[in-house]
Amino acid sequence: MHEYPHPGKTLQELLMHTAGYSVEDIVKQTNLTTEEIRSVLNGESDVTMRVAEALAPLIGLQPLVIIGMQNDYDMQLISKS
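What comes next concerns the included structure.

Criteria and cut-off values
- Note that residues are indexed from 1 along each chain, following the sequence as it is written.
- Given that the model is predicted, a residue must reach a pLDDT of at least 70 before its local features are reported, and side-chain atom pairs must reach 80 or more before they are shown or counted; all residues, however, enter totals for whole chains, interfaces and linings.
- No hydrogens and no water enter the side-chain calculation; it runs on all heavy atoms of the structure.
- Strands here mean DSSP runs of E at least two residues long; helices mean DSSP runs of H or I at least four residues long; both are numbered from the N terminus.
- By this rule, a helix spans an expected 1.5 Å times one less than how many residues it contains.
- Burial classes: relative accessible area under 20% of the type maximum marks a residue as buried, over 50% as exposed, and values in between as partly exposed (1.4 Å probe, protein chains only).
- Contact between two residues is taken to exist if any of their heavy atoms lie within 4.5 Å; hydrogens are not considered.
- Grid points spaced at 1 Å over the protein atoms alone were grouped into cavities, where a 1.4 Å probe fits but cannot get out, and pockets, open sets with protein on both sides within 12 Å along at least five of seven lines, with lining residues defined by an atom within 4 Å of a point.
- Grid points are joined across faces, edges and corners, and a volume is the space filled by probe spheres set on the points.
- Residues are sorted three ways: Asp, Glu, Lys and Arg are charged, Ala, Val, Leu, Ile, Met, Phe, Trp, Tyr, Cys and Pro are nonpolar, and all the rest, Gly among them, are polar.
- A 3.5 Å cut-off defines polar contacts: any pair of N or O atoms within that distance qualifies, except that in protein one atom must be a possible hydrogen donor and the other a possible acceptor, and neighbouring residues in sequence count only when both atoms are side-chain atoms.
- Put simply, a nonpolar core is a bunch of buried Ala, Val, Leu, Ile, Met, Phe, Trp, Tyr and Cys residues held in one set by side-chain atoms that sit within 4.5 Å of each other.

1. Digging into helix α5 (residues 63-80)
So, point 1. The end-to-end C-alpha distance of α5 is 26 Å, a good match for the 26 Å that 18 residues give at a rise of 1.5 Å each.
So, point 2. Among the residues of α5, P63, I66, I67, Q70, Y73 and Q76 are the ones counted as buried.
So, point 3. Buried residues in α5 make contact with α1 (7-18) and α4 (49-59).

What follows is the structure, encoded as structure tokens:
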């Protein structure tokens, strides 16, 4: 079975490494707080629809694609328990 990383780690790669955004840039371009962004990108919080809708335009994805990553990750955790 494929191991899915926490979607925040994937978003971190896409936002910060590929697109070149900093956390401060993301705060300025979204209605998210620094704490929310860091918590998601560090894999400490789930990606909610609100977060997905805010981040998706920055990396050219549809919010449902990001939510799908969270769902895949959640299903993986459930199958391990």
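2. What about empty space enclosed by the protein?
So, point 1. Under the counting rule described, the total for this entry stands at 1 cavity of 30 Å³ or more.
So, point 2. Of the volumes computed, that of the largest cavity is approximately 30 Å³.
So, point 3. Lining the largest cavity are L15, I26, L32, E36, I37, V40, L41, V51 and L55.
So, point 4. Only α3 (34-41) and α4 provide two or more residues apiece to the lining of the largest cavity.
So, point 5. Counting residues per element, the lining of the largest cavity draws most heavily on α3, which supplies 4 residues.
So, point 6. Looking at the lining of the largest cavity, its residues break down into 8 nonpolar, no polar and 1 charged.

3. Considering the environment of P57
So, point 1. If you trace the backbone, P57 turns up in helix α4.
So, point 2. Residues P57 and T30, spaced 27 residues apart in sequence, show a C-alpha to C-alpha distance of 9.7 Å.

4. Some words on the side chain of T30
So, point 1. Counting through the fold element by element, T30 comes out in the loop between α2 (23-29) and α3.
So, point 2. A distance of 2.8 Å separates the side chain of T30 from the backbone oxygen of I26, its partner in a polar contact.
So, point 3. Reaching out from T30, the side chain makes a polar contact with the backbone nitrogen of L32 at a distance of 3.2 Å.
So, point 4. The residues contacting T30, other than those within four sequence positions of it, are I37, A54, L55 and L58.

5. Section: the nonpolar core
So, point 1. Judged by nonpolar contacts, the single largest core of 19 residues is most densely connected at L11, L15, I26, V47, L55 and I66.
So, point 2. Secondary-structure elements contributing two or more residues to this core are α1, α2, α3, α4 and α5.

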